[in-house]
Amino acid sequence: MSYHHFTIDERESILVYRTQGLNFSQIAKLLHRHPSSISREWKRHLKEGNYSPSHAQESYHMAKSHCGRKRMLEIDHNLSNTVKHLFLDYQWSPEEIEGRLRLEYGKTVISYQTIYRAIYRGHFDDNSLSHGARGVIRKLRHRGKTRHTKGYVENRGKISISRTIHERPEDANNRTRIGDWEADTVAGVTGKACLVTLVDRKSRYLLCEKVAKKDSISVKQAIIHMLKDSRPKTITPDRGKEFSRHEEISKALNDVQFYFPEPHQPWQRGTNENINGLLREYFPKKQDLTEIKPSLIRDKALILNQRPRKCLNWKSPFEVYFDISLHLT
């Protein structure tokens, strides 16, 4: 049974029954309350031997006005500005904000539930946001969507593969080392520029580069350019035709081995798929990427690489990849 605070009528009844000589158990039966609740109420508000229902009610309202986590961001303006900055400017989720603050300060500063409540009641809204857009609520990422509709059939061409993902070393599968990369592309307008993405499995560190066209030559050159100084250990791409030159990439990168997932099973490369979804917040589907400056792509990649991750114990990919500590809040 859920707990309900005493009303002014109940408090007046308690005073009347006590003056009539009733004990707490008898009053509890009359008010359908637990005897300990009556006892606590009486003792909590007993002043100099007298119980005042009106003073007890005032005390209750005063305490209520100062309690509740929903007031935290209204009281602590510095914390409110920090949360707003991380949520709106860097697209950190409420849980990422909570976890990173706890990591840096050694204690829970604010819960993600409190942040969600603040978002939904419009705490971070301002006049620059249109009323029809539901304020900053629209900045929350939508989850639970399927990647393709039911009955979707893959129509991309088939490529010859060297090794399957089932042959990939256990160190890569278990994420115990740096240098095991997942590869994919993020398309813009069909036939035009796209992004080539590489994500390190252990650190979730992102490398991203724009190419003029989604073809095997452009993708090959981008991967070689991004990994030439990092000594990669394995690469796991999808089975798109843009990765058909994987043997040439392997030779250019000290015979790094490619491991391909099963057809139609993107979850076998879930790390890269997830990061691509985050990139889509900055580069939506059907957007022409041709005029996007490389500096903007680098800036957005850095934002993602400095975003704390729950799977990394609230460290950022940048910190794990380079084995350093940053102050991000």
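For the structure, see preceding data.
Let me begin by describing the structure that accompanies this report. All of these numbers come straight from a predicted model, not from anything done at the bench. Here the residue numbering is sequential within each chain, running from 1 through the sequence in written order. Local features are withheld for residues below a pLDDT of 70 in this predicted model, meaning they are given only at 70 or higher, and side-chain atom pairs are given and counted only at 80 or more; totals for whole chains, interfaces and linings count all residues. As a convention, hydrogens and water are excluded, and side-chain values are obtained from all of the structure's heavy atoms.

## A word on the sheet that holds strand S5 (residues 206–211)
Ordered in space as S5-S4-S3-S6-S7, the 5 strands form an open sheet in which the pairing is mixed. Two strands in the sheet have a free side with no partner beyond their single neighbour: S5 and strand S7 (257–258). DSSP-based pairing: two strands are paired if at least 2 bridges between them are found. The helix count covers DSSP runs of H or I at least four residues long, the strand count covers runs of E at least two residues long, and both are numbered beginning at the N terminus. With 7 bridges joining them, strand S3 (residues 180–187) and strand S4 (residues 194–200) adopt antiparallel strand pairing. Its bridge partner lying in S4, valine 186 is registered against leucine 195. Contacts from helix H10 (residues 216–227) reach S3, S4, S5 and strand S6 (234–236), with the element oriented near 140° to S5. Only heavy atoms matter for contacts: two residues are in contact if any of them lie within 4.5 Å across the pair. Here an angle of 0 to 180 degrees is reported between the N-to-C directions of two axes, which are lines fitted to C-alpha atoms, with helices fitted over the stretch in contact. The strands that helix H12 (residues 270–279) touches are S3, S4 and S5; relative to S3, the one it contacts most, it runs at about 40°.

## As for the state of the cysteines
Cysteine sulfur atoms that come within 2.5 Å of each other are treated as a disulfide pair. Taken as a whole and assessed by the stated rule, the structure comprises 0 disulfides. Free of any disulfide, cysteine 194 has its nearest neighbouring cysteine sulfur in cysteine 208, separated by 9.4 Å. Relative accessibility decides the category of a residue: with a 1.4 Å probe and only protein chains considered, values under 20% of the type maximum give buried, values over 50% give exposed, and everything between is partly exposed. Using a relative accessible area of 15% as the deciding quantity, one classes cysteine 208 as buried.

## Quick word on the packing of aromatic side chains
When the centres of two rings from Phe, Tyr and Trp lie within 6.5 Å, Trp using its six-membered ring, the rings pair. Their planes under 30 degrees apart give stacked, over 60 give edge-to-face, and anything left gives tilted. What the rule picks out here adds up to 9 aromatic pairs. A ring pair is formed by tryptophan 42 and tyrosine 51, whose centres lie 4.9 Å apart and whose planes are at 20°; its orientation type is stacked. As far as burial versus exposure is concerned, tryptophan 42 and tyrosine 51 are alike and both buried. Measuring from centroid to centroid gives 4.4 Å for tyrosine 205 and tyrosine 321, while their planes differ by 10°, and the two rings are stacked. Of the two residues, tyrosine 205 sits in the loop between S4 and S5 while tyrosine 321 sits in helix H14 (residues 317–322), which places them 116 residues apart along the sequence. Just as tyrosine 205 is buried, tyrosine 321 falls in that class too. One aromatic cluster is present, formed by Trp181, Tyr205, Phe318, Tyr321 and Phe322 through successive ring pairs. Stacked on the ring of tryptophan 42, the Lys or Arg arginine 18 has its end atom at 5.0 Å from the ring centre. A ring is scored as having a charge over it whenever the NZ atom of a lysine or the CZ atom of an arginine sits within 6 Å of its centre and within 35 degrees of its normal. A cation sits over an aromatic face here: arginine 33 above phenylalanine 6, 4.2 Å from the ring centre.

## What about helix H2 (residues 24–31)?
Those residues of H2 lying buried are Phe24, Ile27, Ala28 and Leu31. When H2 is viewed along its axis, its buried side chains cluster within an angular range of 105° and face the same direction. Each element contacted by the buried residues of H2 is listed here: helix H1 (8–19) and helix H3 (35–44). Looking one or two places after H2, you find histidine 32, whose phi comes out positive at around 55°. Think of it as the arc spanned by the lines of direction from the helix axis to the C-beta atoms.

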